[in-house]
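# Structural features, examined
Here's the letter readout for the chains.
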Amino acid sequence: MSKRPILALLVCALVLTMAFPAYAEEETPVAVEVTVNGEATWYTAELCGGTSYVPFYGGVTTLRPDAEVTWEDGLFTATAEDFTMTCRIGDPYIAINERYLYIPGGVRGWADGTALIPARTLALALGAWVDWTGKVELCSGGVPLTVEGKPYDDETLDLIAKVITHESGNQPLEGKMAVGNVILNRVNSPSFGSTVYEVIFSPNQFPGATNATPNAESILAARLVLEGANVVPEALYFNGVGKPCWASRNKRLIKTIGGHSFYG
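Only a predicted model underlies this, so the values are computations on that prediction, with no experimental measurement involved.

### Some words on the overall build of the protein
Counting its secondary structure elements, the protein contains eight helices and 15 strands. If you line up the protein on its principal axes, its C-alpha atoms span 60 × 40 × 35 Å. Here the protein holds 264 residues, and 47% of them are scored as buried. Once local pairs closer than 6 in sequence are excluded, the contacts in the protein between residues at least 24 apart make up 54%. Accessible surface, the protein as shown: approximately 12600 Å² in total, 52% of it carbon and sulfur. Distance between charge centres in the protein, computed from 18 positive and 28 negative side chains, equals 7 Å.

### With respect to unusual backbone geometry
Look at Asn-97: it is not a glycine, yet its phi comes out positive at around 50°. By secondary structure assignment, the location of Asn-97 is in the loop between strand S7 (93-96) and strand S8 (99-102). Assessed through its relative accessible area of 19%, Asn-97 is described here as buried.

### Quick word on the pattern of salt bridges
As enumerated under the stated definition, the model contains 10 salt bridges in all. Between Asp-91 and Arg-88 there is a salt bridge, with the nearest N and O atoms lying 3.9 Å from each other. Put simply, Asp-154 and Lys-150 hold a salt bridge, and the shortest N to O gap is 3.8 Å. What makes Lys-150 partly exposed here is its relative accessible area of 21%. The structure contains a network of salt bridges with shared partners spanning Arg-64, Asp-66 and Asp-82.

### Remarks on the pairing of strand S11 (residues 129-132)
The sheet contact formed by S11 and strand S12 (residues 136-139) spans four bridges and is antiparallel. When the bridges of S12 are listed, Asp-131 appears paired with Glu-137. In textbook terms, the turn of a hairpin is the stretch between consecutive antiparallel strands, and for S11 and S12 this stretch comprises three residues, one of which, Gly-134, has a positive phi near 90°.

### Notes on the sheet that holds S8
Spatial ordering of the open sheet is given by S4-S5-S6-S7-S8, a layout of five strands whose pairing is antiparallel. A single partner strand is all that each edge strand has here, and the edge strands are strand S4 (68-72) and S8. Strand-to-strand twist across the sheet, computed as the mean angle between neighbouring axes with direction ignored, equals 20°. Pairing analysis gives six bridges linking strand S5 (residues 75-80) to strand S6 (residues 83-88), with the strands arranged antiparallel. Bridge pairing links Ala-80 to Phe-83 in S6.

### Things to note about helix H5 (residues 173-187)
In a regular helix each residue adds 1.5 Å, so 15 residues correspond to 21 Å; H5 covers 21 Å between its end C-alpha atoms and thus fits that length. In terms of burial, H5 is a largely internal element, 13 of the 15 residues being buried.

### Some words on helix H2 (residues 56-63)
Every α-helical turn comprises 3.6 residues, leaving residues that sit three or four positions apart pointing alike. Most of H2 sits out of view: eight of its eight residues are buried. For H2, the full list of buried residues reads Phe-56, Tyr-57, Gly-58, Gly-59, Val-60, Thr-61, Thr-62 and Leu-63.

### Describing the nonpolar core
Within the largest apolar cluster, 34 residues are counted, with the highest numbers of intra-cluster contacts made by Phe-56, Val-60, Phe-83, Met-85 and Ile-94. Of all the elements, helix H3 (residues 119-126) adds the most residues to this core, at five residues. Setting aside its immediate chain neighbours within four residues, Phe-83 contacts Val-60, Arg-64, Ala-67, Ala-78, Ile-96, Asn-97, Leu-126 and Pro-144. Among the nonpolar cores identified, the runner-up in size contains 33 residues, and Tyr-93, Ile-164, Ile-200 and Val-232 belong to it.

### Considerations on the confidence of the model for the protein
The predicted model of the protein averages 91 in pLDDT, with 90% of residues at 70 or higher. Confidence over residues 1-5 falls short of pLDDT 50; this stretch has 12 contacts with residues more than four positions distant or in other chains. Contacts from residues 7-26, a stretch scored under 50 in pLDDT, to residues over four places away or in other chains number 35 contacts.

### Here's the deal with the pairing of S4
As paired elements, S4 and S5 share five bridges and run antiparallel to each other. Opposite Glu-72, over in S5, you have Leu-75 as the bridge partner. With antiparallel pairing between neighbouring strands as the criterion, S4 and S5 make up a hairpin whose turn holds two residues, including Asp-73 at a positive phi of roughly 55°.

Rules behind the numbers
- Residues numbered from 1 in each chain as written.
- Predicted model: local features only at pLDDT ≥ 70, side-chain atom pairs only at ≥ 80, totals over all residues.
- Heavy atoms only, no water.
- Helix = DSSP H or I, 4+ residues; strand = E, 2+ residues; numbered from the N terminus.
- Buried < 20%, exposed > 50% of the residue type's maximum accessible area, 1.4 Å probe, protein only.
- Contact = heavy atoms within 4.5 Å.
- Areas by Shrake-Rupley, 256 points an atom, 1.4 Å probe, with all protein chains shown as cover.
- Lys, Arg positive; Asp, Glu negative; His and termini not counted.
- Charge placed at Lys NZ, Arg CZ, Asp CG, Glu CD.
- Salt bridge = Lys/Arg side-chain N within 4 Å of Asp/Glu carboxyl O.
- Pairing = 2+ DSSP bridges.
- Axes fitted to C-alpha atoms, helices over the stretch in contact; angles between N-to-C directions.
- Expected span 1.5 Å × (residues − 1).
- Core = buried A, V, L, I, M, F, W, Y, C linked by side-chain atoms within 4.5 Å.
- pLDDT = per-residue confidence, 0-100.

This is the structure we're talking about:
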């Protein structure tokens, strides 16, 4: 699908879906104004749960008029000279230049197929600025995220992905991310090693884990946590649900995800 048909589709959506469908019974999304570089846009944002979501097509093309947005088999792809960005309704992330940004609750969507992503996530991806003043105010002019600028190296990614696969390879994505978060939370704690390598290779912590072959979702989980996503802040330990351990007796239960309980 070309750029022009997507624009026509979204203009129709703006007219037909101003009364947004409810995604959860406890809250109905509210339409709010969006400006880009001080000018009102032809689309509105959706405010829900304290987060403002903007249409992927409208958000990208008003910040970067040189971008081309296409849709194929449910995948939206925005391309310009310096970036390629993708998203799919329901996925818990967007990808740009091989960087992966977590979206709690996933990419939202209207019934007509319009994809919506958090305004702050869009701004981070494209090097833009965003402010909330009762409306979403976006300003362009920055540089999109690049693969060269990712905040980790391939060795670190591989180590964390191996541990995630070994410890939670059969768990949901959030559970895989939580295991990765425990590693990084330990790096930031004075009670553990100061590097990923030191944490993972500490005696009796993750025995045999680095012999695992990472699966695709474990690699994705590792990328997301290394970009800053944290689903279990303060968690430093985990164990199987219902299995007694030192942490279950001495630490606070933070969250249970799938087959694991996380403590801190």
